[in-house]
Amino acid sequence: MRSPVTGIVALLALLLVVVVAYMSLFTVQQTEQTIVLRFGEPVDVVTDPGLHFKAPWNSVINIDKRILDLENPSQEAIASDQKRLVVDAFARYRIKNALRFYQSVGSIQAANLQLTTLLNAALRRVLGEVTFINVVRDDREKLMQRIRDQLDREADGYGIQVVDVRIRRADLPEQNSQAVYQRMKTEREREAAEFRAQGGQKAQEIRSKADREATVIIAEANSQAEQTRGAGDAERNRLFAEAYSKDADFFAFYRSMTAYENGLRSNDTRFLLRPDSDFFRYFGSPHGKAGAETPAQAKP
């Protein structure tokens, strides 16, 4: 029969084996690369994902091997034409040499601080060689490539590869932007006032021309109307003259009847005329002969 001491010893030996095995195994993820340290000194770099072995007294540090982001706060730069710029840029990088990275900066936080300093310096150098127009419009793509190349060369000593650098925004400072905006607004208002003045002048010319043409048209229409009325009056007089020449008595009788009709339209038939006036000649005689007794003379 076994003694209790033997069982305890076996259990302790098994526990020791488990602890040693646990301390000798480590896992490398697909997104990581691992540095094996012996008493703080790097002895190996493992980049293959999977389960790996190490000495129990060694330690490991995992370093990300994915593309990392570097968000740079807005910085001021001065272009070659002495215009100040507010530049908002960002970078993308990855750790290509884990051992050099660990020995130089040690962590991603420290690497971000170092890369921010290097990126700002590269921005000022490159943008200081070109004009404001080149930055905001003409050569932005080429400038970003130059900044990336310079930053990549400087970051190589830290085991870092710069994948890309982008300028998100490059603009004048706020006070300069307001001054430019105000100047553009004043210029547009001046142009608008000039266009309105030209339009008003053109409108006045058109109205004057239209009024002149209207006056000419009305005058010509009045002239034609007067001519037409004159021709009508002449034709009427000709017809009257022709009718009078054919039967003078009937024409005189017709004229008198027309005068009676026009003069006796209302209930008031009073006339201030002499009784022997020629107007009443058909009242005294159906033939309109002179010397006939008028209605007024026939009264007692």
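Right above here is the structure, for reference.
All of the points below concern the structure found in this document. Not measured: the values here are computed from a predicted model. (Residues numbered from 1 in each chain as written. Predicted model: local features only at pLDDT ≥ 70, side-chain atom pairs only at ≥ 80, totals over all residues. Heavy atoms only, no water.)

## As for the nonpolar core
1) Next: By size, the foremost hydrophobic cluster in this structure holds 38 residues, and its most contacted members are Val87, Leu115, Leu119, Leu127, Ile147 and Leu151.
2) Next: Every element with two or more residues in this core is listed here: strand S2 (32-38), strand S6 (68-71), strand S8 (84-95), helix H2 (98-104), helix H3 (108-127), helix H4 (132-138), helix H5 (140-155) and strand S9 (160-171). (Core = buried A, V, L, I, M, F, W, Y, C linked by side-chain atoms within 4.5 Å. Buried < 20%, exposed > 50% of the residue type's maximum accessible area, 1.4 Å probe, protein only. Helix = DSSP H or I, 4+ residues; strand = E, 2+ residues; numbered from the N terminus.)

## So, the sheet that holds strand S3 (residues 41-46)
Pairing between the strands of a sheet comes from backbone hydrogen bonds, and it takes one of two forms, parallel or antiparallel.
1) Next: One open sheet accounts for three strands, arranged S3-S2-S5; its pairing is antiparallel. The outermost strands of the open sheet, each flanked by one partner alone, are S3 and strand S5 (58-64). With direction set aside, neighbouring strand axes in the sheet form an average angle of 30 degrees.
2) Next: Direction of pairing for S2 relative to S3: antiparallel, over a ladder of five bridges. Within the sheet, the bridge partner assigned to Ile35 lies in S3 and is Val45. (Pairing = 2+ DSSP bridges. Axes fitted to C-alpha atoms, helices over the stretch in contact; angles between N-to-C directions.)

## Looking at the side chain of Thr116
1) Next: Note that Thr116 resides in helix H3.
2) Next: Separated by 2.7 Å, the side chain of Thr116 and the backbone oxygen of Asn112 make a polar contact.
3) Next: With residues up to four places along the chain from it excluded, the contact list for Thr116 reads Leu70, Asn72 and Pro73. (Polar contact = N/O pair within 3.5 Å; in protein donor to acceptor, adjacent residues only side chain to side chain. Contact = heavy atoms within 4.5 Å.)

## Let's talk about the packing of H3 against H5
A pair of packed helices is characterised by two quantities: the angle between their axes and the separation of those axes.
1) Next: Two elements in contact, H3 and H5, have axes separated by 9 Å at closest approach and are oriented at 140 degrees. In terms of axis orientation, H3 runs oblique to H5. The hand of the H3/H5 crossing is right-handed. Counting all contacts with H3, which are made through Leu115, Leu118, Leu119, Ala122, Leu123, Arg125, Val126 and Leu127, the residues of H5 involved are Leu143, Arg146, Ile147, Gln150, Leu151, Glu154 and Ala155.
2) Next: By residue class, the composition of the contact of H3 with H5 is 11 nonpolar, one polar and three charged. (Parallel < 35°, antiparallel > 145°, perpendicular 65-115°, else oblique. Left-handed = near helix turned anticlockwise from the far one by under 90°. Nonpolar A, V, L, I, M, F, W, Y, C, P; charged D, E, K, R; others polar.)

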